[in-house]
Amino acid sequence: MKTLIVDDERLARNELRRLLENFPKIQVIGEAANADEALPMIEELEPELLFLDIQMPGKNGFELLQSIEGKTPEVIFTTAYDEYAIKAFEFNALDYLLKPVELARLSEAIHRVEEEQHVHEPSGNAPNTSAKILGENDQVFVKDGEKCWFVKLGKVRLFESMGNYVRLYFDDQKPLVLKSLNALEDRLNPATFFRANRKHIINLQWIEKIEPWFSGGLLVTLRGGDKIEISRRQAIRFKDLLSL
């Protein structure tokens, strides 16, 4: 993959380039110290991947992306400040690396790039829908209006369907995301996240109490007090899943 590094710190560029030598598929075709240098390089060299610093003199990384005309490369942000994590994902970034970048974390990010490439590759077979299954340790970016969060899925105790949206419950926050509950269920690890009924997916690790409910269903109470009914049909699956 043709890759461009954009960062105003020469040492950071050198270090990233050194780390990227571990990944033969990544071909660094250039470096830029700021957005003004990067833009013509992006247009001329057409990189497929950008490692992009956010805070730079002149235009920041976000403004650089907004200036690109034509096809935008995949983006992995690199920054010393994690408060930008949230904004990064309005720009559909693939990942977000905090400096100093660690090899293991970089490896994860590149794996994500490769998965993305794989998903987008045309093939004669059925479309590849093997998007990464998300578990409790994965962090997701949630944006609702002006507010954004970078939240670990293990902290989300409940997903609730609201028409075309899903409401996430974590801490004392309840943001909405534009996604169907079914689409979300396909991405979540079923060992942790259980479809309780038509409207709810619960995080099994947050269950505090389970009691029998009407017509063969169950009523679960989550830490924090949310009470969710498990439908009769799902109660059978639930018992299978959680019994010895």
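Residues numbered from 1 in each chain as written. Predicted model: local features only at pLDDT ≥ 70, side-chain atom pairs only at ≥ 80, totals over all residues. Heavy atoms only, no water.

- With an unreviewed UniProt entry as reference, the protein chain is termed LytR/AlgR family response regulator transcription factor, source organism Spirosoma soli.

## So, the overall build of the protein chain
So, point 1. Counting its regular elements, the protein chain contains 7 helices and 15 strands.
So, point 2. Here the protein chain holds 244 residues, and 43% of them are scored as buried.
So, point 3. Within the protein chain, contacts between residues separated by at least 24 positions form 47% of all contacts whose residues are at least 6 apart in sequence.
So, point 4. Split by element, the accessible area of the protein chain, about 13,800 Å² in all, is 49% carbon and sulfur. (Helix = DSSP H or I, 4+ residues; strand = E, 2+ residues; numbered from the N terminus. Buried < 20%, exposed > 50% of the residue type's maximum accessible area, 1.4 Å probe, protein only. Contact = heavy atoms within 4.5 Å. Areas by Shrake-Rupley, 256 points an atom, 1.4 Å probe, with all protein chains shown as cover.)

## Details of the sheet that holds strand β1 (residues 2-6)
So, point 1. If you walk across this open sheet you meet the 5 strands as β2-β1-β3-β4-β5, and the pairing is parallel. This sheet does not close on itself; its edge strands, each paired only once, are β2 (27-32) and β5 (95-98). On average, adjacent strands in this sheet sit at an angle of 20° to one another, irrespective of strand direction.
So, point 2. Of the strand pairs in this sheet, strand β4 (residues 74-79) and β5 are connected by 4 bridges, and their pairing is parallel. Among the inter-strand pairings, Thr78 is bridged to a residue of β5, identified as Leu97.
So, point 3. Packed onto the sheet, helix α1 (residues 10-20) meets β1, β2, β3 (49-53) and β4 and runs at close to 175° relative to β2. (Pairing = 2+ DSSP bridges. Axes fitted to C-alpha atoms, helices over the stretch in contact; angles between N-to-C directions.)

## Considerations on helix α7 (residues 232-242)
So, point 1. Among the residues of α7, Gln234, Ala235 and Phe238 are the ones counted as buried. Along the axis of α7, the buried residues cluster in a sector spanning 105°; they form a single face. Those residues of α7 that are exposed and aimed more than 90 degrees away from the buried face are Arg232, Arg233, Ile236 and Asp240.
So, point 2. Against the buried residues of α7 lie β11 (193-195), β13 (207-212), β14 (218-222) and β15 (227-230). (Arc of directions from axis to C-beta.)

## Here we look at the nonpolar core
So, point 1. Val6, Ile42, Leu50, Leu52, Leu64, Leu65 and Phe77 are the most contacted members of the largest nonpolar core, which totals 20 residues.
So, point 2. For this core, the elements supplying multiple residues, two or more each, are β1, α2 (35-45), β3, α3 (61-67) and β4.
So, point 3. With 5 residues, the single largest contributor to this core is α2. (Core = buried A, V, L, I, M, F, W, Y, C linked by side-chain atoms within 4.5 Å.)

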